[in-house]
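Here's the letter readout for the chains.
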Amino acid sequence: MAVKKKKQFVTAHLSLAGRAARTALSQRLTSLELYPGQDAVLLAIGEEDGIALRDLAERLAVRPPTITKTVARLGSQGLVEKRNSDSDARQSHAHLTEKGLAIVDAVRSTQKAVERRALKGFSNKERKLMRKLLQRVTANLDGTPLPALVPDEE
């Protein structure tokens with residue numbers, strides 16, 4: 001008698017894919033002497049140099065103590081400099097150092113390489129659809145309004 005294979009939940013596949021992607025990225029980040037999560041912080045500071053730590057935590061959806069610790073570690077690596085606010089002594093801002101600015105491009109390249117590997121064999125249309133579907137899943141789980149899902153015309 002054949003055993004009927006159970007259908008796995010989509011969320012189980014999402015978890016496995018997310019874990020595999022994080023592992024692949026983590027392995028590549030070690031060559032840059034970065035820990036998981038530091039890449040996102042560096043990229044966010046690269047987008048808005050001088051961002052307040054409070055705003056950085058909000059943007060990355062992490063707790064402020066996590067950002068403080070990560071910025072301190074990046075500071076000890078010579079990648080980020082924390083400065084007090086000129087207008088509010090209670091606030092600190094994160095700035096990339098020259099070394100930090102140089103590594104941001106390497107981080108972007110690393111993320112692109114992992115994405116290319118993950119989406120190997122996907123057409124451009126499939127990549128766009130995947131991105132939109134994942135954005136909808138995220139919105140559903142976050143309880144935010146759903147973005148419109150309109151297939152791209154090619």
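As annotated in an unreviewed UniProt entry, the chain carries the name DNA-binding MarR family transcriptional regulator and comes from Aurantimonas endophytica.

Regarding the environment of N84
Within the secondary structure, N84 sits in strand 2 (residues 80-84). A relative accessible area of 57% places N84 in the exposed class. Each C-alpha atom of the pair N84 and A94 lies 9.0 Å from the other, and the pair is 10 residues apart in sequence. Residues contacting N84, with those up to four places away along its chain left out, are Q91, S92 and H93.

Things to note about the pairing of strand 3 (residues 92-96)
A large share of strand 3 lies buried, amounting to 5 of its 5 residues. Along strand 3, one buried face is formed by S92, A94 and L96 and the opposite face, lined by H93 and H95, is buried too.

Concerning the sheet that holds strand 2
Two strands in a sheet stick together by hydrogen bonds in their backbones, pointing the same way (parallel) or opposite ways (antiparallel). Spatial strand order, 1-3-2: 3 strands in an open sheet with antiparallel pairing. Each of the sheet's edge strands pairs with one partner strand only, and the pair in question is strand 1 (51-52) and strand 2. In this sheet, strand 3 lies alongside strand 1 in antiparallel orientation, the contact comprising 2 bridges. Residue pairing across strands places I51 opposite A94, the latter belonging to strand 3. Most of the contacts of helix 2 (residues 38-47) go to strand 3, to which it runs at about 95 degrees, and overall it touches strand 1, strand 2 and strand 3.

The rules we used
Residues numbered from 1 in each chain as written. Predicted model: local features only at pLDDT ≥ 70, side-chain atom pairs only at ≥ 80, totals over all residues. Heavy atoms only, no water. Helix = DSSP H or I, 4+ residues; strand = E, 2+ residues; numbered from the N terminus. Buried < 20%, exposed > 50% of the residue type's maximum accessible area, 1.4 Å probe, protein only. Contact = heavy atoms within 4.5 Å. Pairing = 2+ DSSP bridges. Axes fitted to C-alpha atoms, helices over the stretch in contact; angles between N-to-C directions.

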